[in-house]
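Fold and contact review
These are the residues of each chain, in order.
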There are 2 protein chains.
Amino acid sequence: MPRLDLSADVVALTEQLVNIESVSHHEREIADAVEEALRALGHLQVSRHGHTIVARTDLGRAERVVIAGHLDTVPLNDNLPARREGDLLHGLGTCDMKGGDAVILKIAATVPEPNRDLTFILYEAEEVEEAHNGLNKLAASAPELMAGDFAILMEPSNAGVEAGCQGTIRVDVRTTGVRAHAARSWQGENAIHAAAGILNRLAGYEPRRPVIDGLTYHEGLNAVAIRGGVAGNVIPDACVVEVNHRFAPDRSEAEAEAFLREFFDGYDVVVTDSAPAALPGLHLPAAKAFLDAVGGEAHPKFGWTDVARFSGLGVPAVNFGPGDPLYAHKQDEQVPVEHIERCERLLRAWLGAGPDAGPDAGPEAGPGAAS
Amino acid sequence: MPRLDLSADVVALTEQLVNIESVSHHEREIADAVEEALRALGHLQVSRHGHTIVARTDLGRAERVVIAGHLDTVPLNDNLPARREGDLLHGLGTCDMKGGDAVILKIAATVPEPNRDLTFILYEAEEVEEAHNGLNKLAASAPELMAGDFAILMEPSNAGVEAGCQGTIRVDVRTTGVRAHAARSWQGENAIHAAAGILNRLAGYEPRRPVIDGLTYHEGLNAVAIRGGVAGNVIPDACVVEVNHRFAPDRSEAEAEAFLREFFDGYDVVVTDSAPAALPGLHLPAAKAFLDAVGGEAHPKFGWTDVARFSGLGVPAVNFGPGDPLYAHKQDEQVPVEHIERCERLLRAWLGAGPDAGPDAGPEAGPGAAS
């Protein structure tokens, strides 16, 4: 079993994590390593739930903050092992999101007495269907472990704060027609031609850009797939346009669905998938304090992230992690080393700890961590 | 090996042929049976080319007529064996086109001294790609066997004359865009939305209906498939509309292609498939004489058939076979018994022979045929 050396600096630790392959549904090895490293730290209560590891301080502080990151990656694309090149660390998971995981583990190992109680969650299966998501499972089986005054998700956010997230809803918009032989097409009714109306509406869509807590969101409405056709000599009797709507956090899923039903009025609309938006919650004291501590400026999060799961439990949450999200899921995935270091530094300071003095400097490097 | 009894009446012979399963690429058995039955008739010169059988009279007549039918069927669909029900014969191949094949075999067996020399062609692989088509192969390897003053293809035509055929051309019409994450769709360019323009043009298409040799053709332009999409969270960068154009015989393939390029001007157009139309040729003496003999009225053929191969060799050709083409390729394929009998009767008369007197009535029932 690979072991993690939590006394390494945060960039070297990122590299260690990247080099433990952990494509979704294959997180056992990395979860074992994370569990072993965290259990070796005396000041944390550690529990395991599938391949999701939870570690908590219990210092009786006035506030509790949850810091979470997923351990899995999208499939391998000839981009392992990690490769350091100047100021960049390249490789699968560097950006999404083992740089963030490394920050979590460093804080866990080197800030034994934070000014806020901490709950660290390193979870499985974020990159696959909802049903497998470790945070989703934890919210169902042990929601008390996700409770807190504030949550930080270490999703790539250019080492800045991206607040809230837009919701997402997918619908199939369908047309139907009548099959006929293509040689006698006037005996049929072409369902693909009928889809012109759907595409015309999409092409004419004007996005809303609502301002919430000072952040400007930007909605989207797009065909993400289209399919139709029976055979090369048959007038098709069905066409389906798969549409994805991204909606700002001032709308609920039900409101987003109502908008789509009105937008595609006259067509058959079936909802296939939906996840709520998360309000940024930057007016809440815990979020405000965090924002002040790490530099003051927040940006809206456009992509859906697991912050919405915390919002759903009533916990304000932000994204704050190393890496440019544009590199997530790319063959040339990469993270600027400076982002990882910056996230660690700002979190340490906010939690009332000084800069990490490096290997063997403190009581926090337990025997398991120094392997 | 199943054997054919050519002394049976034409409907019973159809049933025999239907019950020898002969899905495309599996014609060996039926071709063996046809070859054996024809070789047993002393008055014909028989040759075999793959699973295509050619049988010819050589009486030094002033005219030669080619009569052709394919031996294969589309795949089985729980519709064998043949089943006679009142005036209908049901089953795979009854309509397309073993009723016609039975007529050919009856004429071959019972009209030993036709007033025109005859070439019978029973060929393989009409229902699959061009490259396998037995008539196509024969046109390449032994075009002299397809030569004649006139050709009759026994494709289902409601036992009437359907002249010429429309051509067919398929093109892919493509749009391209720029991929982006669906959460930040404004960074991309949606290729499916761009296909609205293609579908709008298709929806607004007005078909030509040219009159040729007194027959009114009816063109068609249809999307037969559409596809696009990368993933549920990605703005798609490509969309392809597969378009099938059926064009009347007053246009060449090149003219049809030029029409499509102009119609879709501004889009990427790639020709994927094309087959020429066939002019009806009803003004030619041999065709005129046939039409007069079998009842006078011809209809235009909308679907593409192998008559175009004869046209390509300079041989005027018509479709004239039992069965409603709407039942071809259907699970409930069927043919009216009367159609088969009518085709045989009209052909016999045109060829100068009296009505068939039935089994054992003439010298034409050779030893092989009476098995």
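Residues numbered from 1 in each chain as written. Chains lettered and ligands numbered in written order. Predicted model: local features only at pLDDT ≥ 70, side-chain atom pairs only at ≥ 80, totals over all residues. Heavy atoms only, no water.

Moving on, we come to the overall build of chain A. Along the backbone of chain A there are 10 helices and 19 strands. Its C-alpha atoms give chain A principal-axis dimensions of about 85 × 45 × 40 Å. Within chain A, buried positions represent 56% of all 371 residues. The long-range share in chain A, meaning contacts at least 24 apart out of those at least 6 apart in sequence, stands at 76%. If the 31 positive side-chain charges of chain A are averaged to one point and the 55 negative ones to another, these points end up 3 Å apart. (Helix = DSSP H or I, 4+ residues; strand = E, 2+ residues; numbered from the N terminus. Buried < 20%, exposed > 50% of the residue type's maximum accessible area, 1.4 Å probe, protein only. Contact = heavy atoms within 4.5 Å. Lys, Arg positive; Asp, Glu negative; His and termini not counted. Charge placed at Lys NZ, Arg CZ, Asp CG, Glu CD.)

Neighbouring strands of a sheet are bound in pairs by backbone hydrogen bonds; such pairs are parallel or else antiparallel. All names here are of chain A. In spatial order, the strands read 1-2-6-3-7-18-8-17; together these eight strands make up an open sheet with mixed pairing. Looking at the sheet topology across the chains shown, the edges are occupied by strand 1 (45–49) and strand 17 (298–300). Direction aside, neighbouring strands of the sheet carry axes that sit 25° apart on average. Here strand 3 (residues 64–70) runs beside strand 6 (residues 117–123); their pairing, made up of seven bridges, is parallel. By the bridge assignment for strand 6, G69 is matched with L122. Along the sheet, helix 2 (residues 28–39) makes contact with strand 1, strand 2 (52–56) and strand 6, crossing strand 1 at roughly 165°. Contacts between helix 4 (residues 134–141) and the sheet are confined to strand 1, strand 2 and strand 6, with strand 6 contributing the most and set at about 125° to the helix. (Pairing = 2+ DSSP bridges. Axes fitted to C-alpha atoms, helices over the stretch in contact; angles between N-to-C directions.)

On to the interface of chain A and chain B. How large an interface is tends to be reported as the accessible area lost when its parts come together. Listed per partner, the contact involves 44 residues of chain A and 44 residues of chain B. Interface of chain A and chain B: buried area, both sides summed, is about 3200 Å²; carbon and sulfur atoms make up 60% of it. Together, W186, H193 and I226 of chain A form the three largest contributors to the area buried by chain A at its contact with chain B, with a combined 18%. Inspection of the region where chain A meets chain B yields zero salt bridges. Where chain A touches chain B, the interface holds 13 residue pairs in polar contact (both at pLDDT 80 or more). Within the residue set of the side of chain A that touches chain B, elements represented by two or more residues are helix 5 (191–194), helix 6 (196–203), strand 13 (220–229), strand 14 (234–235) and strand 15 (238–247) of chain A. If one sorts the elements of the side of chain A that touches chain B by residue count, strand 13 of chain A sits on top with 10 residues. Looking at side-chain class alone, the side of chain A that touches chain B contains 23 nonpolar, 16 polar and five charged residues. (Buried area = accessible area lost by both parts, 1.4 Å probe. Salt bridge = Lys/Arg side-chain N within 4 Å of Asp/Glu carboxyl O. Polar contact = N/O pair within 3.5 Å; in protein donor to acceptor, adjacent residues only side chain to side chain. Nonpolar A, V, L, I, M, F, W, Y, C, P; charged D, E, K, R; others polar.)

Screw-axis analysis of chain A against chain B gives a translation of 0.2 Å along the axis, an RMSD of 0.1 Å, and a rotation angle of 179°. Such values leave the two copies arranged in the relation of a two-fold axis. By residue overlap, the copies meet face to face through one surface: 100% of the interface positions of chain A are interface positions in chain B. (Least-squares fit on C-alpha atoms with pLDDT ≥ 70 in both.)

On to the pattern of salt bridges, then. Residue and element names in this part refer to chain B. Per the counting criterion, the structure on display carries 34 salt bridges over all chains. The partner of E36 in a salt bridge is R3, with the nearest N and O atoms 2.7 Å apart. Of this pair, E36 sits in helix 2 (residues 28–39) while R3 sits in the segment before helix 1 (10–18); the two residues are 33 residues apart in sequence, bridging distant segments of the chain. A residue is classified by how much of its surface remains accessible, and E36, at 28% relative accessible area, is partly exposed. On the basis of relative accessible area, R3 is assigned to the partly exposed category, the value being 46%. For R83, the salt bridge is made with E85, and the minimal N-O distance between the two is 2.6 Å. Judged by its relative accessible area of 42%, R83 is partly exposed.

Okay, the pairing of strand 13 (residues 220–229) of chain B next. With eight of 10 residues buried, strand 13 of chain B lies mostly within the body of the structure. Inspection of the sheet shows strand 13 of chain A paired to strand 13 of chain B by five bridges, in the antiparallel sense. In the sheet register, A225 of chain A faces strand 13 of chain B, and the bridge partner there is G229 of chain B. Taken together, the eight bridges between strand 13 of chain B and strand 15 (residues 238–247) of chain B define a ladder with antiparallel strand orientation. Residue pairing across strands places A223 of chain B opposite V243 of chain B, the latter belonging to strand 15 of chain B.

A few words now on the UniProt feature "domain: Peptidase M20 dimerisation" (unreviewed entry) in chain A. Taking the numbering used here, the UniProt-annotated feature "domain: Peptidase M20 dimerisation" (unreviewed entry) corresponds to residues 167–263 of chain A. The span residues 167–263 of chain A is 24% helix and 39% strand, and its two end C-alpha atoms sit 17 Å from each other. (UniProt positions renumbered as here; feature names shortened; annotations may be inferred.)

Our focus in this paragraph is the packing of helix 6 of chain A against helix 6 (residues 196–203) of chain B. When two helices pack together, their arrangement is given by the angle between the helix axes and the distance between those axes. Packing of helix 6 of chain A against helix 6 of chain B leaves a shortest axis separation of 9 Å and a crossing angle of 140°. The pairing of helix 6 of chain A with helix 6 of chain B is recorded here as oblique in orientation. Here the hand of the crossing between helix 6 of chain A and helix 6 of chain B comes out left-handed. Where helix 6 of chain A abuts helix 6 of chain B, its residues A196, L199 and N200 of chain A lie against A196, L199 and N200 of chain B. (Parallel < 35°, antiparallel > 145°, perpendicular 65-115°, else oblique. Left-handed = near helix turned anticlockwise from the far one by under 90°.)

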